[in-house]
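Residues per chain are reported as follows:
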Amino acid sequence: MAAAATTAAGWRRAGVAGAAIGVLAAGAAAGVAVERLTVGRGMRKKARLALDATGPYGSLRGTPGRAVADDGTELYYEVDEVEPAQPSEGPASDGNRRRRLFGRKAPAPVTVVFSHGYCLGQDSWHFQRAALRGLVRAVYWDQRSHGRSERGRAQGDGVALGIDQLGRDLKAVIDAAAPEGRIVLVGHSMGGMTMMALADQYPALIRDRVAAVAFVGTSSGKLGEVNFGLPVAGVRAVRRVLPGVLRALGTQAELVEKGRRATADLFAGLIKRYSFSSRDVDPAVARFAERLIESTPIDVVAEFYPAFTEHDKSGALPAFRDVPVLILAGEKDLVTPSSHSEAIADVLPEAELILVPDAGHLVMLEHPETVTDRLADLLVRGGAVAAANVGEHGSTAQQPGR
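As the structure is a prediction and not an experimental result, all values here were calculated from the model.

1. A short note on the overall build of the protein chain
On a plain count of helices and strands, the protein chain comes out with 16 helices and eight strands. Out of the 402 residues belonging to the protein chain, those deemed buried represent 53%. Sequence-distant contacts, at least 24 apart, represent 81% of the contacts inside the protein chain between residues at least 6 apart.

2. Points about the sheet that holds strand S3 (residues 111-115)
Pairing in this open sheet of eight strands is mixed, and the strands run S1-S2-S4-S3-S5-S6-S7-S8 from one edge to the other. This sheet does not close on itself; its edge strands, each paired only once, are strand S1 (63-68) and strand S8 (352-356). Ignoring which end each strand starts from, the neighbouring axes of this sheet average 20 degrees apart. Bridging between S1 and strand S2 (residues 74-80) involves six bridges; their strand directions are antiparallel. Of the residues in S2, the one forming a bridge with Thr63 is Val79. Sheet strands in contact with helix H7 (residues 190-201) are S3, strand S4 (137-141), strand S5 (183-188) and strand S6 (210-216), and its direction is about 135 degrees off that of S5. Here helix H14 (residues 338-347) sits on the sheet and contacts S6, strand S7 (325-330) and S8; the angle it forms with S7, its principal contact strand, is near 165 degrees.

3. Topic: the packing of aromatic side chains
Tallying each qualifying case throughout the model produces seven aromatic pairs. Between Tyr118 and Phe304, the aromatic rings sit 6.5 Å apart at their centres with planes inclined by 25 degrees, giving stacked as the arrangement. Here the residue Tyr118 occupies a position in the loop between S3 and helix H4 (126-132), and Phe304 occupies one in helix H13 (residues 298-310), the gap between them amounting to 186 residues. Taken individually, Tyr118 and Phe304 each receive the classification buried, so the pair is uniform in this respect.

4. Remarks on the nonpolar core
Counting 42 residues, the largest nonpolar core has Phe114, Val184 and Leu365 as its most contacted members. At seven residues, helix H12 (residues 283-294) tops the list of elements feeding residues into this core. With 35 residues, the next largest nonpolar core counts Tyr77, Leu198, Val325 and Ala351 among its residues.

5. A look at the confidence of the model for the protein chain
In this model, the protein chain carries a mean pLDDT of 81, and residues with pLDDT of at least 70 account for 67%. For residues 89-101, every residue scores under 50 in pLDDT, and the model assigns this stretch two contacts once sequence neighbours within four places are set aside. Counting interchain partners and residues more than four positions distant, the pLDDT-below-50 stretch residues 398-402 has 15 contacts.

6. Regarding the pairing of S5
Burial analysis of S5 places six of its six residues in the buried class, which makes it a mostly covered element. Covered by surrounding structure in S5 are Ile183, Leu185 and Gly187 together with Val184, Val186 and His188, the residues of both alternating faces. With five bridges connecting them, S3 and S5 associate as parallel partners. Counted as the bridge partner of Thr111 is Ile183 from S5. Pairing between S5 and S6: six bridges, direction parallel. Within S6, the position partnered with Val186 by the bridge is Ala214.

7. Examining the environment of Lys222
Checked against the element boundaries, Lys222 lands in the loop between S6 and helix H9 (232-250). On the basis of relative accessibility, which here comes to 62%, the residue Lys222 falls in the exposed class. C-alpha of Lys222 to C-alpha of His340: the two residues are 118 residues apart in sequence and 8.5 Å apart in space. Look past the residues within four positions of Lys222 in its chain and what remains in contact with it is His311 and His340.

8. Some thoughts on the pattern of salt bridges
With the rule as written, the count across this model stands at 23 salt bridges. Across the salt bridge formed by Arg381 and Glu352, the nearest N and O atoms sit 3.2 Å from each other. Here Arg381 is found in helix H16 (residues 368-381), whereas its partner Glu352 is found in strand S8, with 29 residues between them in sequence. By relative accessible area, Arg381 is classed as partly exposed at 39%. Shared partners join several salt bridges into a network, and the residues in it are Arg61, Glu78, Asp80, Asp123, Arg129 and Arg133.

9. Some words on H14
What H14 keeps buried is the set Ser338, His340, Ser341, Ile344 and Ala345. For H14, the buried positions fall inside an angular range of 155 degrees around the axis, keeping them on one side. Buried residues in H14 make contact with H7, S6, S7 and S8.

10. Considerations on the side chain of Ser149
Among the secondary structure elements, Ser149 is positioned in the loop between S4 and helix H5 (153-156). Reaching out from Ser149, the side chain makes a polar contact with the backbone oxygen of Asp142 at a distance of 2.5 Å. With near-sequence residues (within four places) excluded, Ser149 lies in contact with Glu74, Leu75, Tyr76, Asp142, Gln143 and Arg144.

11. So, the environment of Val213
You can see Val213 is positioned in strand S6. Residues Val213 and Ile183, spaced 30 residues apart in sequence, show a C-alpha to C-alpha distance of 8.9 Å. Leave out the neighbours within four places in its chain, and Val213 touches Leu185, Met195, Phe320, Val323, Pro324, Val325, Leu326 and Leu378.

12. A few points about helix H6 (residues 163-177)
Its 15 residues give H6 an end-to-end C-alpha distance of 21 Å, which sits within 8% of 21 Å, the value for a rise of 1.5 Å per residue. By the criterion of burial, H6 is predominantly enclosed, with eleven of the 15 residues buried.

What counts, and at which threshold
- Residues numbered from 1 in each chain as written.
- Predicted model: local features only at pLDDT ≥ 70, side-chain atom pairs only at ≥ 80, totals over all residues.
- Heavy atoms only, no water.
- Helix = DSSP H or I, 4+ residues; strand = E, 2+ residues; numbered from the N terminus.
- Buried < 20%, exposed > 50% of the residue type's maximum accessible area, 1.4 Å probe, protein only.
- Contact = heavy atoms within 4.5 Å.
- Pairing = 2+ DSSP bridges.
- Axes fitted to C-alpha atoms, helices over the stretch in contact; angles between N-to-C directions.
- Phe/Tyr/Trp six-rings, centres within 6.5 Å; stacked < 30°, edge-to-face > 60°.
- Core = buried A, V, L, I, M, F, W, Y, C linked by side-chain atoms within 4.5 Å.
- pLDDT = per-residue confidence, 0-100.
- Salt bridge = Lys/Arg side-chain N within 4 Å of Asp/Glu carboxyl O.
- Arc of directions from axis to C-beta.
- Polar contact = N/O pair within 3.5 Å; in protein donor to acceptor, adjacent residues only side chain to side chain.
- Expected span 1.5 Å × (residues − 1).

Pasting the structure below:
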């Protein structure tokens, strides 16, 4: 009995720690009060299962591929191709025949490359993918150690992860999935930082091939100053102990994962607090975000986190001055506050800056119509589509099945 009690206490401690890391997985720190739960545990579990069944978010799939990073890590990506136009009669057909006769090759289509954020995956772009499907050539990839990509091999050998490595990973994905033609870069949070690291290391690629850029809820640096909506004293205390806590939890991954599962309700409350701002966010969407974040192993969370305090890519931003740029963020983002987007806009004064009211960090899930609309306009300006004729699947009110 004593041993069982000790184990249970250990699981509870691991659960609280795991839930705290879940906050970090959404980009925040621990110490948040959540509303008292009044529904039985069994009913809450059934509700989660029902939401998983009724909200088929993340179900869209494309043609799979794998790129190989410079350390040998295999990076998983999927490609959604442009749906072929229906054959027409008359002059257009004659034009097609002329191209065949003279051996002309149609120019490569513009490819839109989507990079996701920390502890998420390519499926976090679900609504935008549903809306753009068939209209543009798009690449969605999982960053190393996330989603279907391989665990970072260099990190397995003890090499610390840096944002520069993610920039090189993105270059490998572009080389494999979009080796020619113009590209549009779209990145959320860590994905935006990845794009900055790409520009820092491969400025010629940005100059020669990038047609437009979208930074969604991201930062060019100074993330160590973010307080996550907590009292300053509390943030300082968390930062003092966090490195050691992360290292310890990373070595006890199995125990912490059990604790995360045992404290799923607290974990869900923290994720919702740091992912969304709207009170009426669709419960199925909130559950989808929870599933994305909880699928990231605790040792991966611990492995990536230190890179953000060291991240500083403000010097790379001028590489994007000659292309259309969209900077979009939630006004109530506690993870990468909107002031960080405004700082990017200060360096890129010609960029379009959109701050979405009543929106948190996962703005592309919380207000998908707004994000898709602004992104569609950027794609028009970048030459990826002829007109802003995206579908209506950018709404949480619909259940896309394409």
